[in-house]
Amino acid sequence: MKRLLAAGLLFLFVIAAYIYGYSYIDNACSQANKYLEKCVNIYESDQNAAKEAEKLEKYWSKKEKGLSFFANHADIDEIELAISSLKTYSGTTNNEIFYEYSGTVKTLLHQLMEDTTPNIHSIF
């Protein structure tokens, strides 16, 4: 009976940690997407989007430590590198490269959220 109780408590702990991790990742990626969309909108209106890209980079740096508990470090580092590149090109007039990196950041954020979404493949 003691083992069953311990297993049940461990199971509840794992489920609670998974739900917390999923909500943390979902919140972080959603907020990063909002910063990204605002950066792209500012860039499209022919303004310097470097300040907004800086906000995105600071936000991601703040959330990076918490995300490393729940996601693969390589994925987080890849997003950070893409955000840094986006920041570099947000103050220039090179539209193609800016839009390429903004698309890359958006895709990587979506991929991170998809990788943590519960489905049959991730459970088994």
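Refer to the structure presented above.
The shown structure was predicted, so the numbers you read here are calculated from the model rather than taken from an experiment. (Residues numbered from 1 in each chain as written. Predicted model: local features only at pLDDT ≥ 70, side-chain atom pairs only at ≥ 80, totals over all residues. Heavy atoms only, no water.)

1. Brief notes about the pattern of salt bridges
This model, assessed by the stated rule, comprises 4 salt bridges. Its salt-bridge partner being E37, residue K106 comes within 2.9 Å of it at the nearest N-O pair. On the criterion of sequence distance, the pair formed by K106 in helix α4 (residues 95–116) and E37 in helix α1 (residues 2–44) is long-range, its members being 69 residues apart. Note that E52 and K55 form a salt bridge whose closest N and O atoms lie 3.8 Å from each other. Residue E52 and its partner K55 are located together in helix α2 (residues 50–70), separated by 3 residues, close to a single helical turn. Note on E52: relative accessible area 6%, which makes it buried. A single network of salt bridges, built from pairs that share partners, joins E54, E57 and K87. (Salt bridge = Lys/Arg side-chain N within 4 Å of Asp/Glu carboxyl O. Helix = DSSP H or I, 4+ residues; strand = E, 2+ residues; numbered from the N terminus. Buried < 20%, exposed > 50% of the residue type's maximum accessible area, 1.4 Å probe, protein only.)

2. A few points about the state of the cysteines
Scanning the entire structure with this criterion turns up 0 disulfides. No disulfide involves C29; its sulfur sits 17 Å from the nearest other cysteine sulfur, which is in C39. Residue class for C29 comes out buried when judged on its relative accessible area of 0%. Of the residues examined, C39 reaches a relative accessible area of 0% and is grouped as buried. (Disulfide = S-S within 2.5 Å.)

3. With respect to the packing of aromatic side chains
In the structure shown here, the tally under the stated rule is 8 aromatic pairs. Consider the rings of Y35 and Y59, whose centres lie 5.4 Å apart with planes at 50°: the pair is tilted. Of this pair, Y35 sits in helix α1 while Y59 sits in helix α2, placing them 24 residues apart in sequence. Judged by centre distance (5.7 Å) and plane angle (90°), the rings of Y43 and Y99 are edge-to-face. Highlighted residues: Y43 in helix α1 and Y99 in helix α4, separated in sequence by 56 residues. We classify Y43 as buried; its relative accessible area is 6%. Exposure remark for Y99: the relative accessible area of 34% places this residue in the partly exposed category. (Phe/Tyr/Trp six-rings, centres within 6.5 Å; stacked < 30°, edge-to-face > 60°.)

By themselves, these observations are geometric and do not establish any function.
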